[in-house]
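# Understanding the architecture of this molecule
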Amino acid sequence: PAIDSAGKTLATTYVDEPYNYSNGRPVRNYDGRYRGTTTIRKAIEQSVNVVTVKCLTEITPQLGYDYLLNLGFTTLVENRKYADGTTRTDIAQPLALGGLTDGVTNLELTAAYATIANQGVYTKPIFYTKVVDHDGKVLLDNTKPKKRTVLKKSTAYMLTTAMTDVVKQGTGKGVDFGTMP
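Residues numbered from 1 in each chain as written. Predicted model: local features only at pLDDT ≥ 70, side-chain atom pairs only at ≥ 80, totals over all residues. Heavy atoms only, no water.

## Describing the environment of Ala 92
When you line up the elements, Ala 92 lands in the loop between strand E6 (87–88) and helix H4 (106–117). In this structure Ala 92 comes out as partly exposed when scored by relative accessible area, which is 25%. Sequence separation between Ala 92 and Thr 57 is 35 residues, and the spatial gap between their C-alpha atoms is 8.3 Å. The residues contacting Ala 92, other than those within four sequence positions of it, are Leu 56 and Pro 61. (Helix = DSSP H or I, 4+ residues; strand = E, 2+ residues; numbered from the N terminus. Buried < 20%, exposed > 50% of the residue type's maximum accessible area, 1.4 Å probe, protein only. Contact = heavy atoms within 4.5 Å.)

## So, a nonpolar patch on the surface
A cluster of nonpolar side chains, Leu 107, Phe 127, Tyr 128, Val 131, Leu 139 and Leu 140, forms an exposed patch at the surface whose accessible area comes to about 570 Å². For Tyr 128, the location among the structural elements is in the loop between strand E7 (121–123) and strand E8 (130–132). You can call Tyr 128 partly exposed: its relative accessible area is 33%. (Patch = residues over 30% accessible without salt bridge, like charges linked within 9 Å, V, L, I, M, F, W, Y side chains within 5 Å. Areas by Shrake-Rupley, 256 points an atom, 1.4 Å probe, with all protein chains shown as cover. Salt bridge = Lys/Arg side-chain N within 4 Å of Asp/Glu carboxyl O.)

## As for the side chain of Gln 46
Along the chain, the position of Gln 46 falls in helix H1 (residues 40–46). Side-chain polar atoms of Gln 46 contact the side chain of Glu 45, separated by 2.8 Å. Apart from residues no more than four positions distant in its own chain, Gln 46 is found in contact with Tyr 30, Arg 35, Gln 169, Gly 170 and Thr 171. (Polar contact = N/O pair within 3.5 Å; in protein donor to acceptor, adjacent residues only side chain to side chain.)

Spelled out as C-alpha cells, the structure:
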C-alpha cells in the first residue's frame, strides 16, 4: 500500500536559513546561499538542501526510510553494530540528501525513478521473462512482474512536474534533452 505523505505538498514551505543536523554539523546548500521561505517545489528545482533536511526531520527519518523500502531499496541499513562499539543507521537526517551507509544500486535507483514515471506503480526489476529447455519446457517464468502501488497517481504526477522543472529552469538546466521531458 502507498504510504501517507504526512500532509506535505509541493506548496508546503520551510525557511531556508542556516540549519544544523542534530549532531551540530551544518547543512549546506550547493551554492552557499539562503533563500528565506521556500516551497518544496522550489527546493527540488533549485537543490535547496536545508529545506530537504527540514522536511525529512519534520516527517521523521523513519517515514523517509519506509518510503525507500517500499520503493524497493535493499541496501539500506536499519541498525548496524561494529566491533568497536559504534553503530550506523540510515534512519537519520542525512537520508534526505542521499547520505547512506552503503549507498544504493543503479538498478534499484532506476526502478524507484521508474515508479514515479509509472504513475506511482513500482515494478520489481527483472532480467528475464522466461527460460525454456531444449524441448520448450518452461524452467523459469517471470512473465508476470511483481507490481505494487507505492505513490498516489497524483503524487507521482506532481513529482514528475517538479523534477522536470529542475532541468527546465533549475539547477539542471544545463542538461539538454532536446524534446524529451
